[in-house]
Amino acid sequence: MEMGEEYANPRNLASGSLTLKNIDAVKSRHIRWIPFTLVHTDEDIVTWGKQMAFLEHLGFKTVEHEQIIHPTQESIDKVIQEWTVKLNTFDYPVDGLVISYDDTIYATSGSVTGHHATRGGYAFKWQDESAATELEYIEWSCAASTISPVAVFKPVNLEGTTVKRASLCNISECERLGIGDKGTKIEVIKANKIIPKVINVTETIGKLAIPCTCPVCKAATEVMESESSATKTLHCINPNCPAKQLKKFARFVSKEGVNIDGLSEQTVQKFINLGWITEYADLFHLDKYANELRTMEGFGSKSVSNLLKSIDKARTVEAKRFLYALFIPLVGQDVCTRLLSTYSLLELISTAQTTTDLTIFSTISGIGPEKSASFVRWMQDEKNRNIVENLLSELEITEVLPIEKGSLCEGKTFVVTGDVRHYKNRNELKAYIESQGGKVTGSVSKSTNYLINNDINSTSSKNQKARELGIDIISEEDFINKFTNK
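Figured I'd write up the structure that's included with this text. (Residues numbered from 1 in each chain as written. Predicted model: local features only at pLDDT ≥ 70, side-chain atom pairs only at ≥ 80, totals over all residues. Heavy atoms only, no water.)

Throughout the structure, instances matching the rule amount to 0 disulfides. Looking at Cys 174, it has no disulfide partner, and the nearest cysteine sulfur is the one in Cys 169, 8.6 Å off. When its relative accessible area of 2% is taken as the criterion, Cys 174 is described as buried. (Disulfide = S-S within 2.5 Å. Buried < 20%, exposed > 50% of the residue type's maximum accessible area, 1.4 Å probe, protein only.)

Turning our eyes to something else, we now look at the pairing of strand S9 (residues 221-225). As judged from the 5 bridges shared by S9 and strand S10 (residues 232-236), these two strands associate in the antiparallel manner. Looking at the pairing, Val 223 lines up with Leu 234 of S10. With antiparallel pairing between neighbouring strands as the criterion, S9 and S10 make up a hairpin whose turn holds 6 residues, including Ala 230 at a positive phi of roughly 60 degrees. (Pairing = 2+ DSSP bridges. Helix = DSSP H or I, 4+ residues; strand = E, 2+ residues; numbered from the N terminus.)

This part takes up helix H7 (residues 246-253). Most of H7 is tucked away, with 6 of its 8 residues classed as buried. If you follow the buried residues of H7, they end up packed against helix H8 (265-273), helix H11 (319-325) and helix H15 (382-392). (Contact = heavy atoms within 4.5 Å.)

Before going further, it helps to examine the side chain of Thr 355. In this structure, Thr 355 sits in the loop between helix H13 (345-354) and helix H14 (369-380). Classification of Thr 355 as buried rests on a relative accessible area of 14%. Those residues in contact with Thr 355 that lie beyond four places of it in its chain are Ile 360, Val 376 and Gln 380.

Tallied over the entire structure, the rule returns 13 salt bridges. Note that Glu 64 is salt-bridged to Lys 86, the shortest N-O span being 3.8 Å. You can see Glu 64 sitting in the loop between helix H3 (48-57) and helix H4 (73-86) and its partner Lys 86 sitting in helix H4, a full 22 residues away along the chain. The partly exposed category is assigned to Lys 86, whose relative accessible area is 34%. Between Lys 185 and Glu 134 there is a salt bridge; the shortest N-O distance is 3.8 Å. Residue Lys 185 is located in strand S7 (residues 185-191), and its partner Glu 134 is located in strand S4 (residues 130-142); the two are separated by 51 residues in the primary sequence. Residue classification places Lys 185 among the partly exposed positions, given a relative accessible area of 25%. In this structure, a network of salt bridges that share partners links the residues Glu 134, Lys 154, Lys 185 and Glu 203. (Salt bridge = Lys/Arg side-chain N within 4 Å of Asp/Glu carboxyl O.)

Pasting the structure below:
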């Protein structure tokens, strides 16, 4: 987003921001956490109002609330009307109101009658704001298994943001609404203040044209009707359509793959639908579409620049991540590690592409005949050969030197927690322990021999559990002195 622009979806912005690794980037978004209930405290606080006061005393900014001392039907109606006006003054969207008993003990004596009427409370949403507009065209969007209609209409302002497109889900929904061609008059809302939705057609112009060919691969399409609900959906009959490979593209760009930061599955799908991506190597030529990207919804000059920088950075990738990113059946991260512990990447690829023995890699510990055969078959497929060749011309592959095998950790079970300082990351430490005959698990138990934590005096749950079981807690330096040749 550009400086001064508003984000279209606060909920997605907040949840997405919390996944960012860059703390400064998170801080710059000024996210506020607004508590609306107190889950537990050692204090004996038996009213909801006092619980909120307790949180405010601790420094929290709690949810906006008001107490009615002597509630009557008239006073409740009056407060609801006042809040209906008041909500428009907030600088964040509000979709509903909750009325509940202040006495929390009395409230728990009530029964549950439904999702919006639970013990001691009743929740309801304000009616969604609607707007009338005209359909401009139907965009057919390809996903993993279906081609879904998306209504693109003349822009309208809803809930403080500009809306110009909404999913129509499937052909049955289009028929139910009476969707036609350009000029069809429609009513639009933002369901739950978030999701644009066409709720009504006031005048149908023309007839909905269902495409006979896939917008991505141009293969023939087919309308299918489900047996259970009689819902009509449109499908591409080409099993190799790029749109059906979305999960593969998502793994390729993931952190465990080549790690193109900022490229979500939804964005990849958009690029596939536009025809910009048909194979992995195309991702490294998205700079050709930079001008078009800057004009697309959700993008701006800065976000496009950041994406292109991420793509450029991803051109240098470790061999293991490259191999994992290819989405080869039965070849997960562990199999990639084992293959590359015996072969260099180029040697591995060459061997797989030229061998006549499908089980050639089953001599490697942890790789059986089935996994070996799957890897060889994939590498010998002509289409996949081209995918790999095109990628290798785009990327610089780095190889991690094989870790020397030994027995310094033989028979020992370790748990690693907290930050590491001497190893690149915890995975590198784990790899070393395993190379020395040890085992690494995720939780402390009676079978654990050592908990590695640079903060030995930490009061974390793992440290506490280790102390309870009498398990040695050692620092990274202690580990290096005890279990390496340094």
